[in-house]
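Spelled out from the first residue to the last, the chains are:
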Amino acid sequence: MTRTIALIGHPVAHSLSPRFQQAALDALGIDARYEAWDVPAPDLPIAIERLRSGSVIGANVTVPHKVAMLGRVDHHDALAERVGAVNTVVRRDGQLHATNTDVAGVLRALADAGATVRGARVVLLGAGGAARAVVVALRDGGAAHLTVANRTLERARGLVPLGGDAIAVEVAPLDPADAALRRAMREASIVIQSTSLGLPHTATAGLSPVPRALFARGQVAFDLVYGREPTPFLRYAEAAGAQPVDGLAMLVHQGAASFRIWTGAEAPLDVMFGAARGALSA
Ligand code: NAP
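Keep in mind that this is a model prediction, so the values were computed, not measured.

> Would you mind showing me how to read the packing of aromatic side chains here?
On inspection of all chains with the given rule, the structure shows 2 aromatic pairs. Between Y34 and W262 the ring centres are 6.1 Å apart and the planes differ by 55 degrees, which places this aromatic pair in the tilted class. One end of the pair, Y34, is in strand β2 (residues 32-38); the other, W262, is in helix α10 (residues 248-263), and 228 residues separate them in sequence. Just as Y34 is buried, W262 falls in that class too. Ring centres of F215 and F233 lie 5.2 Å apart, and the angle between their planes is 70 degrees; on these two criteria the pair is classed as edge-to-face. A residue pair is termed long-range when its members are at least 10 positions apart, and F215 in the loop between β10 (190-193) and β11 (220-223) and F233 in helix α9 (residues 232-239) qualify at 18 residues. What makes F215 buried here is its relative accessible area of 8%. We classify F233 as buried; its relative accessible area is 1%.

Okay, here's the thing in structure tokens:
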């Protein structure tokens, strides 16, 4: 019997996950279909009941359900608890178990780019849901210092406890004229862009949260956003001599970690990257 893995989100039509997850399942000859389920918030309980039905292996969870799902599964692990959100659910013995593979996705994307997280000074632009996984990843990776800059300062302050004692976290307004942000950008070896600015086909697709002048030569500039063309953030970073890294690597690596959890098999990363890049450029 063909089994099902779901992507639960709203909207989901634009997602690359069905493309590269199905390619991976097919490459390994696993009889399963990865299906996008478009689930508006009020319908989440219905989707969860579907997850409990006969042929489902598990699910990815995306915006806007990552936090709500945490409180609705039967079990979640310590990592999901620390992030405060889940993106992966697996069904075992009729029970739903959840974790968060975005953290691994961040660390693997940075490692692929040759970035050294341990001991690094990092700037994180944005303080939304994705930023929570970034802070936990930086803490687990051993970063020394983090500046979180966000339009809404209160939301940046909300991320400080996620750093724990191991990493010094300060907050700054997301204002290119702000002295603390300018200094942090100058001193950082890694800058991570997690606002929704630059997202293709949106009103802010042409915008970067920081101008070219704030980047420093040699630093890694990692944008969680990805698209067919480099985002404005990545174009400014490259023009300033920084190393641009787009969000596709994070997307594929979080998916690969989920794939291992669902199937117990090693994820075919080449197949997944090939399918994701192919879908992006189609
Ligand atoms: P979110 O929770 O909605 O947070 C949005 C963030 O963007 C907040 O920090 C928000 O600031 C900021 N923002 C929005 N509009 C802004 C504007 N006009 N000016 C300045 N800041 C603005 O979203 P999320 O879930 O964190 O996702 C953020 C981005 O990361 C999305 O584009 C998403 O596609 C991407 N992402 C990529 C991956 C991947 O695997 N590569 C994974 C997850 C997310 P305020 O707090 O002030 O509103």
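> What is the right way to look at the site of the ligand in this model?
Of all residues adjacent to the ligand, which total 21 residues, the nearest are G129, A130, N150, T152 and L224. Between the ligand and G129 there is a distance of 2.9 Å, counted from an oxygen atom to a backbone nitrogen or oxygen. One of the backbone N or O atoms of S196 is found 3.2 Å from an oxygen atom in the ligand. Contributing elements (two or more residues each) for the shell around the ligand: α6 (129-141) and α10.

Rules used throughout
Residues numbered from 1 in each chain as written. Predicted model: local features only at pLDDT ≥ 70, side-chain atom pairs only at ≥ 80, totals over all residues. Heavy atoms only, no water. Phe/Tyr/Trp six-rings, centres within 6.5 Å; stacked < 30°, edge-to-face > 60°. Helix = DSSP H or I, 4+ residues; strand = E, 2+ residues; numbered from the N terminus. Buried < 20%, exposed > 50% of the residue type's maximum accessible area, 1.4 Å probe, protein only. Near = heavy atom within 4 Å. Polar contact = N/O pair within 3.5 Å; in protein donor to acceptor, adjacent residues only side chain to side chain.

Take it as geometry only, folks, not as evidence of what the structure does.
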